[in-house]
Every structure is written in C-alpha cells, then in structure tokens.
Amino acid sequence: MVDHRLSGPRWRAMDAVSTFPPDRTTALERLQAFVPRAGRDYAAGRNFDHGPGRHVSVSGLSPYLRCRLITEEEVLRAVLGRHSASASEKFIQEVYWRTYWKGWLEMRPGVWDQYQRALRAKLNEVQTQSGLRDRWEAACQGETDIDCFNAWAQELAETGYLHNHARMWFASIWIFTLELPWELGADFFLRHLLDGDPASNTLGWRWVAGIQTPGKTYLARTSNISKFTGGRFHPKWQLAGEAPAREAPAVPEPLPLPDPVRPDPALRTGFLMHEEDLSPGFAFQAMKAASHAVMAPQTGFTPLAPAPRIAAFRAAASQDAQTRHMPAADGSIAVLEDAEALMIWAREENLDQIVTPFAPVGPVADQVRRFAAHEGAPRIVTIMRETDRAAWPRATRGFFAFKKSIPGLLSALS
C-alpha cells in the first residue's frame, strides 16, 4: 500500500468549502448570478483560465451539480429562460457533456472496473520503481520544472477546483511530458476535486490519453496555454512535442439500462438518500416512509486518502438536503457507512423495501449492489430520473453523435 502522506501537496490548503458553501441556497444564487452570462459572453470567455479566485467566465456550478444540490434540468431551464438555445449553445453543450459521460459509463461499467484495477497496479509500481515514484511525488507535490503545472497542482490542492481548460493541459502534461500513467493522474484529480466524478473524470483522462477516442490524443501546446492564461504562463521548450496514444483493454459492449421498477406503497418502506442525488423528491414523492437514512460520503473511489474537504462538502450538502426532503424524520435519520450498515438499519427497522434515487457507476452504486446481494436483504428500488433515462442510452458513440439529440432532449424540458 502506498503511503498516502506522500500523495498530496505539502502546502496548507485553504478552506475550500468556504469557497463553495455546500447548500442549495448558495447554488441557486450562483446560478442566478451566472444566467445573464450564459450566452455569448460564456462562449467568448469560457476557455480563459484567469487563475485562482478569478474564474469569472464560467459558472462555478460543478460542485453543486456533482451532488445534484441543483440539477442539470434546473440549470438548463434557467438558462433557456434568458437566452435562446443557439445563443447559449456552448454552455448547454457543457452541461450535456456531463450527461454524456454519465450515460456512456453507465452502459459500460466494466471500464470503471478496468480503471480501478489498473490504478492499483500502477500504485504497486510506484512502490517498486524509484524513478516512477520520484516523478509521481514531484507531480503530486507541484514540484516539477514546469511552473504552470505546479500552479495548477497548488490551486487544485488549495481550492478543490480547477478550470476545465487547465484540467486538460494538466492531464496532457502529466501523461506526455512527465510520462506518468494516466490512471495515477485521474486518481490525483478524484482525491482533490470537489466536483470529482467517476464518469467525467475517468473518461476525460482516457480521452486525453487517446483511449476514449482511439488514437486521438490531446497535446498541450505552449501557444495555447499562453493565450488562454492571458500570458501568465509560457512554458516554451518545456512540453512534449508529440502525444502517442496510450494502450488500454478493449471497451466492453454497451449494456442496456435497467428496466424501471415501481415501489410498492403497501410495503413498509425506508427512504435512502446519498451524495449522488441530493434532490431526491422525484423518487420519494407519493410515498410514506417508516424510516429515513443517508449514506455517508464514500471514499472507495481511491485506495489512497482523499482530501478531507470532499467528505466535508458532501456531508454538509447532505445535511442541507435533509432539511428539505426528510423534514418529518425529526432528527432520527440514520447515517450509514456501507452496505453492512445499510443491512443492519433495514433489519432494525423491519423494512420490506428501500427506495432511493438511482446511483450511477461509482462507490455508492457499489454499496447498493453489495447490499442487494446480502441474503435476506429487502428489495431496493432505485428510481432513475426521466431525463437520465431519456439521455443516457444515446451515449452510444462519441459526443458529436450524441449532441444531435440535444434539441430533442431540450424540447422535452418545455
């Protein structure tokens, strides 16, 4: 096992949760503030990384969307209430990139399993190969010879956030200049990003590495970095000049989404909320619960120690959601660490069924699956949002094929 004390920067991290207060009220205020800029202003400025605390050209909503304190549907409705679909096309596409990644991985869960196995193998190599370990530690600590890379590593460690363009540059430099395994970079992001998501993160790193779209890589270039950082960085002669695609196992054939299952209102029911969807009213409506529970923030997305801010943000966001969606529980909400705790709660409460929002591929879904495999476990009914059920099956090929479906998906919102 790798010593996780060496897996992150040594500098003192700022209180990232104060930068992104984990409550729905703040999320809605930030959405309202951003909406006027979601049209042509966003299209013109979205690629510019102005540095920590100055990301004024993007929405800054991703940590809230990650937990669905606000939903993609709410964001799209708000933007389309102010701008036409053509004027806000670039922002709409960014929202649907998240949807696309989710759907693609949901139909190919084996890719997440491949990544996790490969990550553990690479971490073992870190322990046995001193050269690899030195390069990995220097990258994680932000102690390379590349100033822009070090600055992004520091910003990520201090704020839990990184501009999307900087994420692409960072990943490219990690893979092709520093020649580090992409899996270790994806893990570094997941251990620090407040908006870190198994689908977007894993598949985004695969894309940069030339795996997601076979043979098509992303090469960070000095001129591009200089232009879109406003000249803050100009890593001349420091970056790789070519980006040969990395190898990976074959992608499994896509699986169909699970069929819808309806809860039985006659059964003694428990409501389960989790960090993947903190707006669960759609799943809990028209039902009465005998008991309520919340899954504690999960850390199974990495073998190392994630930044404490991630669990802190998601736990506080969950508490905020409880006040709206479990007000009748009167403080008797169980907080469950894992599938075994979920089983104990179900038995103690004599539950016949558990109703919960659908959890996409990731550690929460893993716990739900383990619970369902327990002998004597009550039925667990996972309710998928209709917007996800409509969009995810369209992620059969690349995004540019998927985006042809966006007008139809938008029309369903009106």
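Everything that follows concerns the structure shown earlier in this document.
Residues numbered from 1 in each chain as written. Predicted model: local features only at pLDDT ≥ 70, side-chain atom pairs only at ≥ 80, totals over all residues. Heavy atoms only, no water.

(A) Expanded view of the environment of Pro-260. Position of Pro-260 relative to the elements: it lies in the loop between helix H13 (222–228) and strand S1 (269–273). In sequence terms Pro-260 and Arg-389 are 129 residues apart; their C-alpha atoms lie 9.3 Å from each other. (Helix = DSSP H or I, 4+ residues; strand = E, 2+ residues; numbered from the N terminus.)

(B) Structural detail: the pairing of strand S2 (residues 291–295). Among the 5 residues that make up S2, 5 are buried, leaving the element largely enclosed by the rest of the structure. Burial along S2 is two-sided: the face carrying Ser-291, Ala-293 and Met-295 and the face carrying His-292 and Val-294 are both buried. Judged from the 4 bridges that link them, S1 and S2 form a sheet pairing that is parallel. Across the sheet, the residue bridging to Met-273 is Val-294, located in S2. (Buried < 20%, exposed > 50% of the residue type's maximum accessible area, 1.4 Å probe, protein only. Pairing = 2+ DSSP bridges.)

(C) Spotlight on the sheet that holds strand S5 (residues 379–383). Spatial ordering of the open sheet is given by S3-S2-S1-S4-S5, a layout of 5 strands whose pairing is parallel. The strands lining the two open edges of the sheet, one partner per strand, are strand S3 (334–336) and S5. Each adjacent strand pair in this sheet contributes to an overall mean axis angle of 25 degrees, direction not counted. Contacts from helix H16 (residues 339–348) reach S1, S2, S3 and strand S4 (353–357), with the element oriented near 150 degrees to S3. (Axes fitted to C-alpha atoms, helices over the stretch in contact; angles between N-to-C directions. Contact = heavy atoms within 4.5 Å.)

(D) Summary view of the nonpolar core. Core analysis: the biggest nonpolar cluster contains 110 residues, and Tyr-96, Trp-152, Ile-173 and Trp-174 have the highest contact counts within it. With near-sequence residues (within four places) excluded, Trp-174 lies in contact with Trp-136, Ala-139, Cys-140, Phe-149, Glu-179, Leu-180, Pro-181, Leu-184, Gly-185, Phe-188 and Trp-205. Of all hydrophobic cores here, the second largest spans 17 residues; its members include Met-295, Ala-346, Val-368 and Ile-380. (Core = buried A, V, L, I, M, F, W, Y, C linked by side-chain atoms within 4.5 Å.)

(E) View of unusual backbone geometry. Positive phi values are uncommon outside glycine, yet Arg-68 reaches one of about 55 degrees. With respect to the helices and strands, the residue Arg-68 is situated in the loop between helix H4 (62–66) and helix H5 (72–80). In the Ramachandran plot, Asn-350 falls in the positive-phi region, its phi being about 55 degrees despite a non-glycine side chain. Relative to the helices and strands, Asn-350 resides in the loop between H16 and S4.

(F) A look at the environment of Asp-320. Take Asp-320: it is sitting in helix H15 (residues 308–325). For Asp-320, a relative accessible area of 18% corresponds to the buried category. With 42 residues separating them along the chain, Asp-320 and Leu-278 place their C-alpha atoms 8.8 Å apart. Residues within four places of Asp-320 in sequence aside, it is in contact with Pro-22, Asp-23, Arg-24 and Leu-69.

(G) View of the pattern of salt bridges. Evaluation of the coordinates by the stated rule reveals 21 salt bridges. A salt bridge links Asp-388 to Arg-68, with the shortest nitrogen-to-oxygen separation between them at 2.9 Å. Linking Asp-388 in helix H18 (residues 386–391) with Arg-68 in the loop between H4 and H5, this pair joins segments that are 320 residues apart in sequence. Overall, the relative accessible area of 9% leaves Arg-68 in the buried class. (Salt bridge = Lys/Arg side-chain N within 4 Å of Asp/Glu carboxyl O.)

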